[in-house]
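Each chain, written out:
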Amino acid sequence: MIDVYTSRGVIKDRKGLAQELAQAVMRWEKVPVIPFFTDNTAAFVHELDADAFSTAGGSADHVRVTVTTNAGALDREQQLGLVKEISELVAKASGDPSLSERTWVTLTEAVPGGWGIGGHAYTNDEIVQHVRRLLGKE
């Protein structure tokens, strides 16, 4: 799951950005492109009034992106690559290349049993087993 928080009007094509971010997370996680992942990997773009947030110095021209993955889904190389790509995608979607320098990305991991899909709280092992069954590898 991906949540983007930005001032109203900064992102020109919210749905396009949401789709690109979701696809980027899937690529960096190296999951198969199957409906289980394409239907359950999503980004939400939350627009805030310009006075809804501030840095300690008074600036409100930043974007915050929170990405939640399964525990251990990203190694260090994947973390670095994903954060860089997310920052670039946000800047591109805003039309302001300098926004990549003002985009904060937090990577979080769901606890085992912390992914609820279709009414079931999946552990990492259950997701792997489920996907193996979907791919006919079990």
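Structure first, text after, so check above.
Residues numbered from 1 in each chain as written. Predicted model: local features only at pLDDT ≥ 70, side-chain atom pairs only at ≥ 80, totals over all residues. Heavy atoms only, no water.

Caption draft 1: Region of the structure containing the packing of aromatic side chains. Counted under the stated rule, the structure contains 2 aromatic pairs. Aromatic pair Phe 36 and Tyr 122: ring centres 5.9 Å apart, planes at 70°, arrangement edge-to-face. Taken as a pair, Phe 36 in helix H2 (residues 35–38) and Tyr 122 in strand E6 (residues 120–122) lie far apart in primary sequence, 86 residues in all. Both residues of the pair, Phe 36 and Tyr 122, count as buried. Three or more aromatic residues joined by ring pairs make a cluster, and in this case those are Phe 36, Phe 37 and Tyr 122. (Phe/Tyr/Trp six-rings, centres within 6.5 Å; stacked < 30°, edge-to-face > 60°. Helix = DSSP H or I, 4+ residues; strand = E, 2+ residues; numbered from the N terminus. Buried < 20%, exposed > 50% of the residue type's maximum accessible area, 1.4 Å probe, protein only.)

Caption draft 2: Fine view of the side chain of Ser 94. The residue Ser 94 is located in helix H3 (residues 76–94) in this model. A polar contact of 2.8 Å, which involves the side chain of Ser 94, links it to the backbone oxygen of Ala 91. Dropping the residues within four chain positions of it, Ser 94 is found in contact with Val 10, Ile 11, Lys 12 and Leu 99. (Polar contact = N/O pair within 3.5 Å; in protein donor to acceptor, adjacent residues only side chain to side chain. Contact = heavy atoms within 4.5 Å.)

Caption draft 3: Representation of the sheet that holds strand E4 (residues 103–110). Here 4 strands make up an open sheet; going across it, the order is E2-E1-E3-E4 and the pairing mixed. The open sheet has two edge strands with one neighbour each: strand E2 (43–48) and E4. In this sheet, neighbouring strand axes are inclined to one another by 15° on average, regardless of whether the strands run parallel or antiparallel. Where strand E1 (residues 2–7) lies against strand E3 (residues 63–70), 4 bridges are found, and the strand directions are antiparallel. Residue pairing in the sheet places Val 4 in a bridge with Val 65 of E3. Lying on the sheet, helix H1 (residues 14–29) is in contact with E1, E2 and E3; it crosses E2 at an angle near 135°. (Pairing = 2+ DSSP bridges. Axes fitted to C-alpha atoms, helices over the stretch in contact; angles between N-to-C directions.)

Spatial relationships are all this shows, so hold off on functional conclusions.
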